Amino acid sequence: MFGKKSTKPQIDKDQLELIENAQKRIKQKKRLYVHFVIFLIGAIFLIVANTVLGIGKDLTFFGKEWFLYAILIWLFLFVYHVFNVFITNKFMGKAWEQQQLEKLVAKQQNRIEKLKEGFLKEETLIAKTEAFKETNIKNSNLTIIVAAAENNAIGKGNQLIWHLSDDLKRFKALTSEHHIIMGRKTFESFPKPLPNRTHVVITRQTNYNAPSGVIVVNNLKDAIDAAKTDKQPFIIGGGEIYKQALTFASKIELTRVHHNFEADTFFPEIDETIWKETANIFHTKDADHDYEFSFITYERK
Ligand SMILES: NC(=O)c1ccc[n+]([C@@H]2O[C@H](COP(=O)([O-])OP(=O)(O)OC[C@H]3O[C@@H](n4cnc5c(N)ncnc54)[C@H](OP(=O)(O)O)[C@@H]3O)[C@@H](O)[C@H]2O)c1
């Protein structure tokens, strides 16, 4: 029942191609060899015909017998045959043509893939710009303000990771007298609301209790709307809100802390096809600052 299956030797396509190619080459070389022999016999025959049998004995060109020219022409044809077999057929035969074709097709496919990638990027850029324009009607000056490490870390355990007094001073100077829009978690990371600023807190909770003066909204668009009288409202974090607000902001005030930190909250990668750096001020490490950092401004292109 489970007798042995007879196994036929199998030749795959590539092997078959190699064999066919080898056979073709042998035939070409055989033909060349036959040509060589015929050429030798032919040349002897021409010499004998002229010198022994006296055929065309008086026929000369430029003082030389005709058979010399006939042998030379034949020799030229033979050399051409040799060239064909060893040069043209070897490098420019069907296999070579196929190889060139495959290379060309691969190159074209590569180009098509690159074009596709380019289109995709362009489409994403257009979509983001359109989304920005849509909200931009409501507020043209929305600025994200953030301090992020080299690895984009911004917070851990609902706290900031570093203390940089000059950065806090700058934050205060820029945001004072303005609306500051934030996620519920960032709001709760403050011991109390920050003075001289209007807090707009985003939460999904419908009955969120906040101190008086704090505006509570249930989505980002309502937050931007709540700040529409402000010519310079700020998005101040955290991670979740930055991610959503990046599409709507026209400026980023980034404090880049030149160090990597372990964190649980990160700022999204800044896409330099959308944002261009317009200012960069370096701050050294000193007695009050444990890390070097830079104040970098990005504006939407
Ligand atoms: N380095 C910096 O510059 C900087 C600045 C700010 C904050 N941080 C840090 O960032 C961390 C906090 O960031 P996080 O991402 O955890 O929280 P977050 O963005 O501050 O707040 C998240 C909360 O916002 C609400 N929310 C988010 N998207 C919403 C939407 N579409 N509609 C309605 N409500 C929405 C939800 O509140 P509910 O859960 O109440 O619904 C959500 O839990 C902390 O570590 C903080 O220290 C760093």
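In this text the structure is predicted, and so the values were computed from the model without any measurement.

Undergrad: I'm lost on the overall build of the chain in this one. Help?
TA: When helices and strands are tallied, the chain shows seven helices and twelve strands. Across the 301 residues in the chain, those meeting the buried criterion constitute 18%. Long-range contacts, defined here as pairs at least 24 residues apart, represent 67% of the contacts in the chain between residues at least 6 apart.

Undergrad: Explanation requested: the nonpolar core in the structure shown.
TA: The tendency in soluble globular proteins is for nonpolar side chains to be buried side by side. Core analysis: the biggest nonpolar cluster contains 38 residues, and I144, V146, A148, I181, I235 and A245 have the highest contact counts within it. It is strand 3 (residues 143-149) that contributes the most residues to this core, six residues altogether. Apart from residues lying up to four places away in sequence, I235 is in contact with L142, I144, I181, I241, Y242, A245 and A249.

Undergrad: Explain the site of the ligand here, please?
TA: Close to the ligand lie 28 residues, the nearest being G155, G183, G237, G238 and G239. At the level of elements, strand 3, strand 4 (153-155), strand 5 (179-183), helix 5 (184-189), strand 8 (234-237) and helix 7 (239-245) are the ones that each hand at least two residues to the shell around the ligand. Looking at side-chain class alone, the shell around the ligand contains nine nonpolar, 15 polar and four charged residues.

Undergrad: Is there a simple way to explain the pairing of strand 3 in this structure?
TA: Look at any regular strand and the pattern is simple: side chains alternate between the two faces of the sheet. For strand 3, the tally of buried residues reaches seven of seven residues, placing the bulk of the element in the interior. Judged by which residues are buried, strand 3 turns out to be covered on both faces: T143, I145, A147 and A149 on one side and I144, V146 and A148 on the other are all buried. Sheet topology places strand 3 next to strand 8; two bridges connect them, and they run parallel. Bridge pairing in strand 8 places I144 opposite I235. Bridge count for strand 3 against strand 9 (residues 251-257) is seven bridges, and the pairing is parallel. Bridge pairing in strand 9 places T143 opposite K251.

Undergrad: Is there a simple way to think about the UniProt feature "transmembrane region" (unreviewed entry) in the chain in this case?
TA: Sequence positions flagged by UniProt for "transmembrane region" (unreviewed entry) are, in local numbering, residues 32-55 and 67-87. Summarising residues 32-55: 83% helix, 0% strand, and an end-to-end C-alpha distance of 29 Å. Between the C-alpha atoms that bound residues 67-87 the distance is 29 Å, and the span itself is 100% helix and 0% strand.

Undergrad: What am I meant to see in the pairing of strand 8 here?
TA: As paired strands, strand 5 and strand 8 are joined by three bridges and run parallel to one another. Looking across to strand 8, one finds that I181 is bridged to I235.

Undergrad: What should I look at first to understand unusual backbone geometry in this one?
TA: The bulk of non-glycine residues show a negative phi, and the bulk of peptide bonds are trans. Between G237 and G238 the backbone carries a cis peptide bond, its omega angle lying at -5°. With respect to the element layout, G238 can be found in the loop between strand 8 and helix 7.

Undergrad: Whenever I open this one, the sheet that holds strand 7 (residues 215-217) confuses me. Can you help?
TA: Think of a sheet as strands paired side by side through backbone hydrogen bonds, with each pair either parallel or antiparallel. Taken together, the eight strands give an open sheet; going across it, the order is 7-6-5-8-3-9-12-11, and neighbouring strands pair in mixed fashion. Edge strands, defined here as strands with exactly one partner in the open sheet, are strand 7 and strand 11 (275-283). Sheet twist, expressed as the mean angle between neighbouring strand axes with direction ignored, is 25°.

Undergrad: Explanation requested: the environment of I47 in the structure shown.
TA: Note on placement: I47 falls in helix 1 (residues 13-51). Between the C-alpha atom of I47 and that of I71, which follows or precedes it by 24 residues, the distance is 8.9 Å.

Undergrad: Looking at this structure, how should I read the environment of H289?
TA: With respect to the element layout, H289 can be found in the loop between strand 11 and strand 12 (293-300). The exposure class of H289 is partly exposed, given the 17 C-beta atoms found within 10 Å. On a C-alpha basis, the gap between H289 and L164 in space is 5.5 Å, while along the polypeptide they are 125 residues apart.

Undergrad: Could you clarify how one ought to interpret the confidence of the model for the chain in this entry?
TA: Low pLDDT marks stretches whose predicted atomic positions should not be read closely. For the chain, mean pLDDT is 89; residues scoring 70 or higher make up 90% of the total. Taken as a whole, residues 1-7 scores under 50 in pLDDT and shows zero contacts with residues more than four places along the chain or in a different chain.

Undergrad: Just checking my understanding: could you explain the environment of N158 for this structure?
TA: Tracing the backbone shows N158 in the loop between strand 4 and helix 4 (165-175). In the structure, N158 is positioned 80 residues away from G238 in sequence and 9.0 Å away in space, judged by C-alpha atoms. Ignoring anything within four residues of it in the chain, the contact list for N158 reads K185 and S189.

What counts, and at which threshold
Residues numbered from 1 in each chain as written. Predicted model: local features only at pLDDT ≥ 70, side-chain atom pairs only at ≥ 80, totals over all residues. Helix = DSSP H or I, 4+ residues; strand = E, 2+ residues; numbered from the N terminus. Buried ≥ 20, exposed ≤ 12 C-beta atoms within 10 Å, placed from the backbone. Contact = placed C-beta atoms within 7 Å. Core = buried A, V, L, I, M, F, W, Y, C linked by C-beta atoms within 7 Å. Near = placed C-beta within 6 Å. Nonpolar A, V, L, I, M, F, W, Y, C, P; charged D, E, K, R; others polar. Pairing = 2+ DSSP bridges. UniProt positions renumbered as here; feature names shortened; annotations may be inferred. Axes fitted to C-alpha atoms, helices over the stretch in contact; angles between N-to-C directions. pLDDT = per-residue confidence, 0-100.

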